[in-house]
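Residue-level listing of the chains:
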Amino acid sequence: MKIVHASLVFLLFAACSSPDKNTPAATAANTDEAAIKQAVDNAYKSLGFSAGAQPAFDSIQYAFIPQAQLINFITDTAQILSIGDFVKAYKNYVETSKVQSFSEEEIYGRTDQYGKIAQRISSYKTYINRTDMPAERGVNSFQLIKTKDGWKVSSIIWDIESKNLPIPRTYLLQ
């Protein structure tokens, strides 16, 4: 009987001390998760434009802090760009490659957050000049900070998928 009583006391204690998903801290974390995801979606959307439209190059910067770094690792050497240099390079790419439409979308995402900092691993698909087949897929590592204006991207590091570097299955499952 003492064992049963001790087990019931333990279960009651465990049930009372487990985190409540309705506490202010849990609610704030859920709100931040949605806001972080939205900040990443905004970064993706800032690059997009439809056929016949012009890219909003000046708007790209609003998804990022002014000091943001964008690190492209699709070659053997990291190419590190400020947000201003990235916008110039993107504009040059669109104009010289005759890109008529562009969009990127997340296919998997996972956020880790502590206080006012967060990182989000985001697998993505890129569509260039067509919407029926992705031109490439890859993985972005977003680092974000919570500013007075909400969550903003402070840096992105990315690499693209290739035959020798497939996206891991864990980065494709929701």
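Refer to the structure above for everything that follows.
Residues numbered from 1 in each chain as written. Predicted model: local features only at pLDDT ≥ 70, side-chain atom pairs only at ≥ 80, totals over all residues. Heavy atoms only, no water.

Asker: Sorry if this is basic, but what is going on with the packing of aromatic side chains here?
Answerer: A ring pair, where both rings are aromatic, is described by two values, the distance of the centres and the angle of the planes. Across all of its chains, the model carries seven aromatic pairs by this definition. The interplanar angle of 0° and the centroid separation of 6.2 Å between the aromatic rings of F86 and Y90 together place this pair among those described as stacked. With F86 and Y90 both in helix 3 (residues 83-96), this residue pair falls four residues apart, about one helical turn. Each of the two residues, F86 as well as Y90, counts as buried. Centroid distance F86 to W158: 6.2 Å. Interplanar angle 85°. Geometry classified as edge-to-face. On the criterion of sequence distance, the pair formed by F86 in helix 3 and W158 in strand 6 (residues 150-160) is long-range, its members being 72 residues apart. Each member of the pair, F86 as well as W158, is classed as buried. Through a chain of ring-to-ring contacts, the aromatic side chains of F57, F86, Y90, F102 and W158 assemble into a single cluster. (Phe/Tyr/Trp six-rings, centres within 6.5 Å; stacked < 30°, edge-to-face > 60°. Helix = DSSP H or I, 4+ residues; strand = E, 2+ residues; numbered from the N terminus. Buried < 20%, exposed > 50% of the residue type's maximum accessible area, 1.4 Å probe, protein only.)

Asker: Any chance you could explain the sheet that holds strand 4 (residues 117-128) here in plain terms?
Answerer: What links the strands of a sheet is backbone hydrogen bonding, and the strands pair in either a parallel or an antiparallel sense. Ordered in space as 2-1-6-5-4-3, the six strands form an open sheet in which the pairing is mixed. Each edge of the open sheet carries a strand with a single partner, namely strand 2 (79-82) and strand 3 (102-114). Going across the sheet, the axis of each strand differs from the next one's by a mean of 20°, ignoring polarity. The pairing of strand 5 (residues 136-147) with strand 6 spans 10 bridges and is classified as antiparallel. Within the sheet, the bridge partner assigned to I145 lies in strand 6 and is K152. (Pairing = 2+ DSSP bridges. Axes fitted to C-alpha atoms, helices over the stretch in contact; angles between N-to-C directions.)

Asker: Would you mind showing me how to read the nonpolar core here?
Answerer: Soluble globular proteins: nonpolar side chains tend toward being buried together. With 30 residues, the main nonpolar core has I60, F64, F86, Y90, F142 and L144 as its most contacted residues. The greatest single-element share of this core, amounting to six residues, is contributed by helix 2 (residues 24-47). Those residues in contact with Y90 that sit more than four places away from it in its chain are L47, F49, F57, I60 and F102. (Core = buried A, V, L, I, M, F, W, Y, C linked by side-chain atoms within 4.5 Å. Contact = heavy atoms within 4.5 Å.)

Asker: Whenever I open this one, the side chain of S101 confuses me. Can you help?
Answerer: Within the secondary structure, S101 sits in the loop between helix 3 and strand 3. Residues within four places of S101 in sequence aside, it is in contact with F49, S50, A51, Y127, I128, N129 and R130.

Asker: Explanation requested: the pattern of salt bridges in the structure shown.
Answerer: Side chains bearing opposite charge may pair, as long as their charged atoms lie close to each other. Tallied over the full model, the rule gives 10 salt bridges. In this structure, D32 engages K146 in a salt bridge whose closest nitrogen and oxygen atoms are separated by 3.1 Å. Taken together, the positions of D32 in helix 2 and K146 in strand 5 put the pair 114 residues apart, joining distant regions of the chain. Its relative accessible area of 10% is what places D32 among the buried residues. Among the ionic pairs, K37 bridges to D41, the shortest N-O distance being 2.8 Å. Of this pair, K37 and D41 are both found in helix 2, four residues apart, which corresponds to roughly one turn of the helix. The exposure class of K37 is partly exposed, given its relative accessible area of 28%. (Salt bridge = Lys/Arg side-chain N within 4 Å of Asp/Glu carboxyl O.)

From the geometry alone we can't say anything about function, so treat these as descriptive.
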